[in-house]
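Here is what each chain is made of, one letter per residue.
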Amino acid sequence: MRNFDYLEPVTVAEACALLKQYAGEAKVFAGGSHLTILMKQGLYQPKALVNIKKISELKGIKYDAKEGLCIGALVTHRELETSALVREKFPVLSDAEREVANIRVRNMGTVGGNLASGEPLTDLSQIFIALDGKAKISGSNRERIIPVEELFIDFYTTSLAEDEILTQVVVPPLPVRSSIEYIRFSSSSVVDKPSAGVAVRLTLDSSGNAIQTARIVLGCVGATPVRARQAEASLAGKELTPQLAEETGSAASQECNPTSDLRGSEHYKRAIVRTLVKRAAMTAYKRATSA
Ligand SMILES: Cc1cc2nc3c(=O)[nH]c(=O)nc-3n(C[C@H](O)[C@H](O)[C@H](O)COP(=O)(O)OP(=O)(O)OC[C@H]3O[C@@H](n4cnc5c(N)ncnc54)[C@H](O)[C@@H]3O)c2cc1C
């Protein structure tokens, strides 16, 4: 590893100013579970690491009845998994976290790092997008809020500018008559990243039977998380039958772009997506109709 400057700002403003000063040659360091590997492999050779762990405004999980669940960028996977507040408001997040990586990574890795790495083989982005989550971002001279979906540009590439820090993820309260289901599939017990992960959120209309809004988000089967928009649109105004769920799974499997690798062939991953979307849709629908 090359030598680098090591900096420990205590405010977001200070961190953004440092990032600006190094003009793209500095990297934000949170839990380090992703960054350390890439630095050891020589893929990143930053001139400086800006360790954000001492910035208290990036910590903690809060719930506001209007805004929703506010998750600080430094919240670890393990905190999300074990938080009583998260379990009460969005159990889908605690359940998903139980399957993320292993306990060591869950203790080190943060929500901010998970999203800001732009790594495609992850779990949280699909769920946040299906829940219409927003990302709060601070830079050296502006703040902005974007849908989580707009963070992702390409493999390991996000829309964060070189002086920007992801500060918080905000998940709005789930609309009435809604339910979400997330299912991930790993092709091997020794490979701890998913082969595919699918989030389906359904919101029913006032009849309590027909689908008003659907979100179908496919992860690990493309450079970025994918919204299966045609499959989503095909559900609007309809009651979900097993046959419609099957057709929706098939449609969604054609809207992603999986690559063949050690986690499975392209054909295999499409088949997994088809099955997971069908199952997740059926479960979400059953829960929403009986709520
Ligand atoms: C063995 C292993 C298994 C894994 N399995 C899974 C899995 O099953 N599911 C899953 O979802 N993930 C998995 N991961 C990925 C893991 O969740 C991420 O590595 C972790 O969340 C990254 O967080 P971090 O705080 O360690 O990030 P870091 O390594 O500190 O940073 C990652 C990247 O994000 C940038 N960054 C970090 N925080 C911010 C911020 N707030 N603002 C702007 N930029 C920032 C850094 O500059 C860097 O480029 C796995 C990782 C490993 C090593």
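What you are looking at is a predicted structure, and each value in this text was computed from that prediction instead of being measured.

Here's the deal with the overall build of the protein chain
1) Next: Of regular secondary structure, the protein chain possesses 11 helices and 14 strands.
2) Next: Computed over its C-alpha atoms, the radius of gyration of the protein chain comes to 19 Å, within 12% of the 19 Å expected for a compact globule of 291 residues.
3) Next: If one aligns the C-alpha atoms of the protein chain with their principal axes, the spans along those axes are about 60 × 45 × 30 Å.
4) Next: Counting over 291 residues, the protein chain shows a buried share of 51%.
5) Next: When contacts within the protein chain are restricted to residue pairs at least 6 apart in sequence, long-range pairs at least 24 apart make up 62% of them.
6) Next: For the protein chain, the exposed area adds up to about 13,500 Å²; of that, 50% sits on carbon and sulfur atoms.

Looking at helix 1 (residues 12–21)
Counting along an α-helix, one turn takes 3.6 residues, and residues three or four places apart therefore face a common direction.
1) Next: Every buried residue of helix 1 is accounted for by V12, A15, C16, L18 and L19. Relative to the axis of helix 1, the buried residues are bounded by an arc of 160° and lie together on one face. Exposed residues pointing more than 90 degrees away from the buried face of helix 1 are listed as A13, K20 and Q21.
2) Next: In this structure, the buried residues of helix 1 make contact with strand 1 (5–7), strand 2 (26–29), strand 3 (48–51), strand 6 (134–138) and strand 10 (165–171).
3) Next: Positive backbone phi, at 40°, marks A23, one or two positions downstream of helix 1.

Some thoughts on the nonpolar core
In globular proteins that are soluble, nonpolar side chains generally tend to be buried together.
1) Next: If you look at the biggest cluster of nonpolar residues, it comprises 31 residues, and the most contacted ones within it are I71, L93, F128 and L151.
2) Next: Those elements giving two or more residues to this core turn out to be strand 5 (68–72), helix 5 (91–97), helix 7 (111–116), helix 8 (124–130), strand 6, strand 10 and strand 11 (178–185).
3) Next: Take this core: its biggest share by element is 5 residues, from helix 8.
4) Next: One finds A231, L235, V277 and A288 within the second-largest nonpolar core, a separate group that totals 29 residues.

Some points on the pattern of salt bridges
1) Next: Under the definition given, this model contains 22 salt bridges.
2) Next: In this structure, E149 and R227 form a salt bridge, with 3.3 Å as the shortest nitrogen-oxygen distance. Here E149 is found in the loop between strand 7 (143–147) and strand 8 (152–154), whereas its partner R227 is found in strand 14 (residues 226–227), with 78 residues between them in sequence.
3) Next: Take E149: its relative accessible area is 26%, and that puts it in the partly exposed class.
4) Next: The partner of E181 in a salt bridge is R287, and the shortest N-O contact between them spans 2.5 Å. Highlighted residues: E181 in strand 11 and R287 in helix 11 (residues 266–290), separated in sequence by 106 residues.
5) Next: Under the relative-accessibility criterion, E181 is labelled buried at 17%.
6) Next: A relative accessible area of 39% means that R287 is categorised as partly exposed.

Considerations on the sheet that holds strand 13 (residues 211–219)
1) Next: In space, the 4 strands of this open sheet follow the order 11-12-13-14, with antiparallel pairing throughout. In this open sheet, the two strands that pair with only one neighbour each are strand 11 and strand 14.
2) Next: Judged from the 2 bridges that link them, strand 13 and strand 14 form a sheet pairing that is antiparallel. Bridging across to strand 14, L218 finds its partner in V226.
3) Next: Where helix 11 meets the sheet, its contacts fall on strand 11, strand 12 (196–204) and strand 13, and the angle it forms with strand 11 comes to roughly 150°.

Quick look at the site of the ligand
1) Next: Near the ligand you find 32 residues, and of these V28, G31, S33, T110 and D123 are the closest.
2) Next: Within the side chain of H77, an N or O atom sits 2.8 Å from an oxygen atom of the ligand.
3) Next: Within the backbone of L166, one N or O atom sits 2.9 Å away from a nitrogen atom of the ligand.
4) Next: Bound to the protein, the ligand loses 93% of the 970 Å² it would expose on its own.
5) Next: Looking at the shell around the ligand, the elements that each hand over two or more residues are strand 2, helix 2 (35–40), helix 7 and strand 10.
6) Next: Ranked by residues supplied to the shell around the ligand, first place goes to helix 7 with 4 residues.

Calculation notes
- Residues numbered from 1 in each chain as written.
- Predicted model: local features only at pLDDT ≥ 70, side-chain atom pairs only at ≥ 80, totals over all residues.
- Heavy atoms only, no water.
- Helix = DSSP H or I, 4+ residues; strand = E, 2+ residues; numbered from the N terminus.
- Rg over C-alpha atoms; globule rule 2.2 N^0.38 Å.
- Buried < 20%, exposed > 50% of the residue type's maximum accessible area, 1.4 Å probe, protein only.
- Contact = heavy atoms within 4.5 Å.
- Areas by Shrake-Rupley, 256 points an atom, 1.4 Å probe, with all protein chains shown as cover.
- Arc of directions from axis to C-beta.
- Core = buried A, V, L, I, M, F, W, Y, C linked by side-chain atoms within 4.5 Å.
- Salt bridge = Lys/Arg side-chain N within 4 Å of Asp/Glu carboxyl O.
- Pairing = 2+ DSSP bridges.
- Axes fitted to C-alpha atoms, helices over the stretch in contact; angles between N-to-C directions.
- Near = heavy atom within 4 Å.
- Polar contact = N/O pair within 3.5 Å; in protein donor to acceptor, adjacent residues only side chain to side chain.

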